[in-house]
Amino acid sequence: MSSSYKVTLIPGDGIGPEVVNAAVRILEATGVKFEWESYAAGAEAFEKYHEYIPKELTESIERTHVGLKGPVTTPIGGGFSSINVALRKQFELFANFRPIRNLPAVPTRYPGVDLVIVRENTEGLYSGIEHEVVPGVVESLKIITEKASTRISRFAFEYARRMHRKKIHAIHKANIMKLSDGLFIRCSRNISKEYPEITYGEHIVDNTCMQLVMNPYQYDMLLLENLYGDIISDLCAAFVGGLGLVPGANFGHECAIFEAVHGSAPDIAGKDIANPTAVLRSGILMLRHLGEENAANHIRLALEKVYTERTHVTRDVGGTAGTSEFADAMVEALHTIPPPQPELHEVEL
Ligand code: NAI
C-alpha cells in the first residue's frame, strides 16, 4: 500500500468523461489517495496534439504502470484505427479479464451468474492487417501465434488455480479455421495438462452462444481469442443487466489498464443518464491490483446498498437517477457504511 497512487486517467469520449468522473469521485471517497494524470486519446487528442495516442499519454503509462480508461469512439468502416486496440498492443496488455457477476435487485432473467471471461487481447482479426486485393475483393488477416495463445492460456489457468475456479472452456471455430483456431486450442489443451485440478473443455463458438443463453451456469471460465471474446462479452453482459454493469481489466507483464466492457454510447452521451457502475467496478479491479482490498470491498458493500435500495439507480437497470445522482448516493453510502474488515480470501469483484 502506498500513501498516494499515480494513475493515468483517460476520460475517453461519448459517455466516457461522465462515467469516469463519477467513478473517480467514488474511488476518492474511499479515502485512498490518487494522483490522476489525465490525458485525451482518439479524435479529441488528435485535435489538440495531432496524435491519436499523444506522447505524453504513453509516457504517463510508462511511468505509472496503471491506467483507468473511459471508452474511446472508433470510426466505422474508415477513419483512424481503434485506440483501444492500439493501447493494448503498445503496452502488451495481452489478457483481457472480464468478470460477469450480478448486482442485487437488478432485474435479469439469470440471477446468480458468476462467469469469468479471459480474452486474448493482442492478435486474431484485431491485428488490423487488411488490404484490397483487387477492386471488390478485400482480405483481413487473422493472426494467431503459439506464443500469444500459450501466454493467454497460462494466464487463465493460473487465475483459475489462484481463485479456486473449477472449469475452463476454450471457445473456437477450429472446425472451419483449422490452422488459426486449431493452434489456439492446441496451446490451451497443452497448458491444461499442467492443471489437472481444473476441468478443461472445448466448445465451438456458435454452439457456445446457444449454450450460454440456454444455461449460463454450465460455464465457469471462458477462454477465447480476440474477436469471440469481444462478442461473447457483450452477450454475457446481458445476463447481469447490461453493459452499464460489466467491468474489465487489460493486464500485461508491465502495466494494467482498467476499463468497462462498454463503448462510448453516443446515443446517451452528454445527458447525465449513463450508468457509471461498469467503470466503477473496473476501479474495484484496479484497487485490488494496487493491493487496496479494503477500499475495494468497501465500494462493493456500498454498491450492494445502493442497488438494494434502488432509489438512486440509473434507468438502464430500471431506475430514474442520473449519473451524478448515482455517484452522490455512492459517496453517501461510503460515508455511512463502516469500512469492512480485511477478508481472509481473495475476491474477484
Ligand atoms: P456501446 O457499448 O457504446 O453501446 C451499446 C448500447 O449499450 C447502447 O444502447 C448504449 O446506450 C448502451 N450502454 C453502453 N454503456 C452504457 C452505460 N454505461 N450505461 C447505460 N447504457 C450503456 O456500443 P456501440 O454503440 O456499438 O459503440 C459506440 C462506440 O464505442 C463505437 O465507436 C465503438 O467503436 C466504441 N467502443 C469502444 C470501446 C472501448 O473504448 N473499450 C468498447 C466498445 C465500443
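Residues numbered from 1 in each chain as written. Predicted model: local features only at pLDDT ≥ 70, side-chain atom pairs only at ≥ 80, totals over all residues. Heavy atoms only, no water.

**Observations concerning the site of the ligand**
Link 1 in the chain: The environment of the ligand is formed by 22 residues, the closest being V72, T74, G263, A265 and N275.
Link 2 in the chain: Backbone polar atom of V72 to an oxygen atom of the ligand: 2.8 Å apart, as the coordinates give it.
Link 3 in the chain: Interatomic distance of 3.0 Å between a backbone N/O atom of S264 and an oxygen atom of the ligand.
Link 4 in the chain: A molecule is said to occupy a pocket when more than half its atoms come within 2 Å of that pocket's grid points, and by this definition the ligand occupies the largest pocket.
Link 5 in the chain: Looking at the shell around the ligand, its residues break down into 9 nonpolar, 8 polar and 5 charged. (Near = heavy atom within 4 Å. Polar contact = N/O pair within 3.5 Å; in protein donor to acceptor, adjacent residues only side chain to side chain. 1 Å grid on protein atoms, 1.4 Å probe; cavity = no way out; pocket = protein on both sides within 12 Å on 5 of 7 lines; lining within 4 Å. Sits in = over half its atoms within 2 Å of the grid points. Nonpolar A, V, L, I, M, F, W, Y, C, P; charged D, E, K, R; others polar.)

**Section: the side chain of N96**
Link 1 in the chain: Within the element layout of this structure, N96 appears in strand β4 (residues 95-101).
Link 2 in the chain: Taking relative accessible area as the criterion, N96 reaches 2% and is therefore assigned buried.
Link 3 in the chain: Side chain to side chain, N96 and R98 meet in a polar contact 3.1 Å long.
Link 4 in the chain: Those residues within four positions of N96 in sequence are excluded, and the remaining contacts are R88, I117, V118, R119, N121, A249 and N250. (Helix = DSSP H or I, 4+ residues; strand = E, 2+ residues; numbered from the N terminus. Buried < 20%, exposed > 50% of the residue type's maximum accessible area, 1.4 Å probe, protein only. Contact = heavy atoms within 4.5 Å.)

**Comments concerning the sheet that holds β4**
Link 1 in the chain: Sheet architecture is open: 10 strands sit in the order β2-β1-β3-β12-β11-β4-β5-β10-β8-β9, paired in mixed fashion. In this open sheet, the two strands that pair with only one neighbour each are β2 (34-38) and β9 (199-204). Each strand of the sheet is rotated relative to its neighbour by a mean of 25 degrees, with strand direction disregarded.
Link 2 in the chain: As paired elements, strand β8 (residues 167-172) and strand β10 (residues 221-224) share 4 bridges and run parallel to each other. The partner of A170 across the bridge, within β10, is L223.
Link 3 in the chain: The strands touched by helix α1 (residues 16-28) are β1 (5-10), β2 and β3 (66-69); relative to β2, the strand with the most contacts, the crossing angle is about 165 degrees. (Pairing = 2+ DSSP bridges. Axes fitted to C-alpha atoms, helices over the stretch in contact; angles between N-to-C directions.)

**Section: the layout of surface pockets**
Link 1 in the chain: A volume near 1000 Å³ is recorded for the largest pocket.
Link 2 in the chain: Surrounding the largest pocket, 36 residues form its lining, T74, S82, N84, V85 and Y126 being those nearest its centre.
Link 3 in the chain: Of all the secondary-structure elements, those providing two or more residues to the lining of the largest pocket are α4 (83-90) and α8 (226-237).
Link 4 in the chain: No other element matches the 5 residues that α4 contributes to the lining of the largest pocket.
Link 5 in the chain: A per-class count over the lining of the largest pocket returns 14 nonpolar, 13 polar and 9 charged.
Link 6 in the chain: Of the volumes computed, that of the second largest pocket is approximately 320 Å³.
Link 7 in the chain: In terms of lining, the second largest pocket is formed by 15 residues, of which the most central are F97, Y159, R162, F251 and E346.
Link 8 in the chain: Of all the secondary structure elements, the ones that give two or more residues to the lining of the second largest pocket are α5 (146-162) and α9 (277-289).
Link 9 in the chain: In terms of residue count, the dominant contributor to the lining of the second largest pocket is α5 (4 residues). (Points joined across faces, edges and corners; volume = space filled by probe spheres on them.)

**What to know about helix α11 (residues 323-336)**
Link 1 in the chain: Taking 1.5 Å per residue, 14 residues should reach 20 Å; α11 reaches 20 Å between its end C-alpha atoms and fits that length.
Link 2 in the chain: All of the buried residues in α11 are T323, F326, A327, A329, M330, V331, A333 and L334.
Link 3 in the chain: Structurally, α11 contributes buried residues whose contacts are with α1, α9 and α10 (293-309). (Expected span 1.5 Å × (residues − 1).)

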